[in-house]
Amino acid sequence: DGLHLIADLSACRPSHPGVMTEPAELEAFCLEAIRAAGLSSVAHLFHSFRESARDVALAATPIGITGVVLLAESHCAIHTWPEKDSVTLDVYVCNYGQDNSAKARHLSRLLIQGFSPGTVARHEVMRG
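Quick caveat: nothing in here was measured; it's all calculated off a predicted structure. (Residues numbered from 1 in each chain as written. Predicted model: local features only at pLDDT ≥ 70, side-chain atom pairs only at ≥ 80, totals over all residues. Heavy atoms only, no water.)

Student: Would you mind showing me how to read the sheet that holds strand 3 (residues 65-71) here?
Tutor: Sheet strands associate in pairs through backbone hydrogen bonding, adopting either a parallel or an antiparallel arrangement. The antiparallel open sheet is built from 6 strands, whose spatial order is 2-3-4-5-1-6. Of all the strands in the sheet, just strand 2 (41-48) and strand 6 (119-127) have a single pairing partner and so form its edges. Taken over all neighbouring pairs, the strand axes of this sheet differ in orientation by 10° on average, direction set aside. Relative to strand 5 (residues 86-94), strand 4 (residues 74-81) is paired through 8 bridges, and the arrangement is antiparallel. Its bridge partner being in strand 5, I78 is matched across the sheet by L89. Its contacts with the sheet place helix 2 (residues 23-36) against strand 2, strand 3 and strand 4, and it is angled at close to 155° to strand 2. (Pairing = 2+ DSSP bridges. Helix = DSSP H or I, 4+ residues; strand = E, 2+ residues; numbered from the N terminus. Axes fitted to C-alpha atoms, helices over the stretch in contact; angles between N-to-C directions. Contact = heavy atoms within 4.5 Å.)

Given below as structure tokens:
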């Protein structure tokens, strides 16, 4: 069983705009938030869609990132849409052996704060 947190962020105005468009910046931000929340990163992959843009004009516009961090406790996924000033977050933790719910909620709060959204839609699902 576990806790699955989902958030849709809009009107994002992060203090470090690179977290919306630069994979290395988003990766560093996520890994620091995960550490600060007391969770454990096992592996991670962050992909910019700029590399897959075929149209040169499209490649010059802000293009989002998909990032996934495999946690010892489960996973964290994030998707940015800088052209829409929006972000979606997905944090899932298993509670096998110990309750990681507080850590998941803390991680979600840290990630949301980092994007400074104008609006947030949150959903919380108990799994299992």
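From this point, the narrative continues.
Student: Just checking my understanding: could you explain the packing of helix 2 against helix 4 (residues 101-115) for this structure?
Tutor: What describes two packed helices is the angle between their axes and the distance between those same axes. Contact pair helix 2 / helix 4: the axes reach a minimum separation of 9 Å and the direction vectors enclose 145°. When the axes of helix 2 and helix 4 are compared, the crossing they make is right-handed. From helix 2, L26, F29, C30, A33, I34 and A36 reach across to helix 4, where they touch H106, L107, L110, L111, G114 and F115. For the contact of helix 2 with helix 4, the residue count by class is 10 nonpolar, 2 polar and no charged. (Left-handed = near helix turned anticlockwise from the far one by under 90°. Nonpolar A, V, L, I, M, F, W, Y, C, P; charged D, E, K, R; others polar.)

Student: So what exactly am I meant to see when it comes to the pattern of salt bridges here?
Tutor: When their charged atoms lie close together, side chains carrying opposite charge are able to pair. Within this structure, the stated rule accounts for 3 salt bridges. Across the salt bridge formed by R105 and E124, the nearest N and O atoms sit 2.6 Å from each other. Taken together, the positions of R105 in helix 4 and E124 in strand 6 put the pair 19 residues apart, joining distant regions of the chain. Residue classification places R105 among the partly exposed positions, given a relative accessible area of 31%. Taking relative accessible area as the criterion, E124 reaches 48% and is therefore assigned partly exposed. (Salt bridge = Lys/Arg side-chain N within 4 Å of Asp/Glu carboxyl O. Buried < 20%, exposed > 50% of the residue type's maximum accessible area, 1.4 Å probe, protein only.)

Student: So what exactly am I meant to see when it comes to the pairing of strand 1 (residues 2-10) here?
Tutor: Looking along a regular strand, one sees the side chains alternate between the two faces of the sheet. When strand 1 meets strand 5, the two strands line up antiparallel, connected through 8 bridges. Bridging from a neighbouring strand, L9 pairs with V87 of strand 5. As paired elements, strand 1 and strand 6 share 9 bridges and run antiparallel to each other. Bridging across to strand 6, H4 finds its partner in V125.

Student: Can you walk me through helix 4 in this structure?
Tutor: Side chains that are three or four residues apart share a direction in an α-helix, a result of its 3.6 residues per turn. Between its terminal C-alpha atoms helix 4 stretches 22 Å, which fits the 21 Å expected from 15 residues at 1.5 Å a residue. Three or more residues of helix 4 are buried, namely S101, A104, L107, S108, L111, I112 and F115. All buried residues of helix 4 project into a common sector of 130° when viewed along the axis, lining one side. Pointing more than 90 degrees away from the buried face of helix 4 are the exposed residues A102 and Q113. Where the residues of helix 4 are buried, they touch strand 1, helix 1 (18-21), helix 2, strand 4, strand 5 and strand 6. At the exit of helix 4 stands S116, carrying a positive phi of roughly 45°. (Expected span 1.5 Å × (residues − 1). Arc of directions from axis to C-beta.)

It is worth stressing that arrangement in space is one thing and function is another; only the former is reported here.
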